[in-house]
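Breakdown of the fold
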Amino acid sequence: MSRKMVIRITSLLLLIVTVICVVTGLIKWPGLIPALGLTYRQVPVALITDIHDWSGLLMTVLVMVHIYQFRGFIRRMVRNLIA
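Residues numbered from 1 in each chain as written. Predicted model: local features only at pLDDT ≥ 70, side-chain atom pairs only at ≥ 80, totals over all residues. Heavy atoms only, no water.

1. A look at the side chain of Gln69
- Looking at the element boundaries, Gln69 is found in helix H3 (residues 45-69).
- Under the relative-accessibility criterion, Gln69 is labelled buried at 11%.
- If we ignore the near neighbours within four places in the chain, the residues touching Gln69 are Arg3, Val6, Ile7 and Thr10. (Helix = DSSP H or I, 4+ residues; strand = E, 2+ residues; numbered from the N terminus. Buried < 20%, exposed > 50% of the residue type's maximum accessible area, 1.4 Å probe, protein only. Contact = heavy atoms within 4.5 Å.)

2. Some details on the side chain of Thr10
- Within the secondary structure, Thr10 is located in helix H1 (residues 3-27).
- Thr10 gets classed as buried once you look at its relative accessible area, which sits at 7%.
- Among the polar contacts made by the side chain of Thr10, one reaches the main-chain carbonyl oxygen of Val6 at a distance of 2.8 Å.
- Here the side chain of Thr10 touches Gln69 through a polar contact of 3.1 Å, side chain to side chain. (Polar contact = N/O pair within 3.5 Å; in protein donor to acceptor, adjacent residues only side chain to side chain.)

3. A short note on H1
- Helix length check: H1, at 25 residues, gives a terminal C-alpha distance of 36 Å against a target of 36 Å (1.5 Å per residue), a fit within 8%.
- The secondary structure elements touched by the buried residues of H1 are H3. (Expected span 1.5 Å × (residues − 1).)

4. A few points about the environment of Leu14
- Tracing the backbone shows Leu14 in helix H1.
- Sequence separation of Leu14 and Val63 is 49 residues, and the distance between their C-alpha atoms is 7.2 Å.
- Setting aside anything within four residues of it in sequence, one finds Leu14 in contact with Met59, Leu62, Val63 and His66.

5. Side note on the packing of aromatic side chains
- Evaluated as defined, the whole model comprises zero aromatic pairs.
- If you follow Arg71 out to its NZ or CZ, it ends over the ring of Tyr68, 4.0 Å from the centre. (Phe/Tyr/Trp six-rings, centres within 6.5 Å; stacked < 30°, edge-to-face > 60°. Lys NZ or Arg CZ within 6 Å of the ring centre and 35° of its normal.)

6. A short note on a positive patch on the surface
- Taken together, the side chains of Arg3, Arg71, Arg75, Arg76 and Arg79 make up a positively charged region of the molecular surface.
- In terms of residues, the positive patch owes the most to one element, helix H4 (residues 71-82), which gives four residues.
- Topologically, Arg76 is positioned in helix H4. (Patch = residues over 30% accessible without salt bridge, like charges linked within 9 Å, V, L, I, M, F, W, Y side chains within 5 Å. Areas by Shrake-Rupley, 256 points an atom, 1.4 Å probe, with all protein chains shown as cover. Salt bridge = Lys/Arg side-chain N within 4 Å of Asp/Glu carboxyl O. Lys, Arg positive; Asp, Glu negative; His and termini not counted. Charge placed at Lys NZ, Arg CZ, Asp CG, Glu CD.)

7. Focus on the packing of H1 against H3
- At a minimum axis separation of 8 Å, H1 and H3 run at an interaxial angle of 150°. Relative to H3, H1 is oriented roughly antiparallel. The two elements H1 and H3 meet at a crossing, and its hand is left-handed. (Axes fitted to C-alpha atoms, helices over the stretch in contact; angles between N-to-C directions. Parallel < 35°, antiparallel > 145°, perpendicular 65-115°, else oblique. Left-handed = near helix turned anticlockwise from the far one by under 90°.)

Below you can see the structure in the form of structure tokens.
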């Protein structure tokens, strides 16, 4: 698999995991469930919390991989900013 394809897959996975983390975080927002007219018994809060936590961890790993993939670009940009 080419480097470009690996970067694209990493970026796509990062986008998907970020969307999942944001959506579950919004669902968990204090007061949102009652504001929508729902009760905490109707919404699987424990499952949403687990999904949110795991997607956050996976997002962290993917961000680190993404930074590693673009380490040369980041180095050049830092050098240009310092110079």
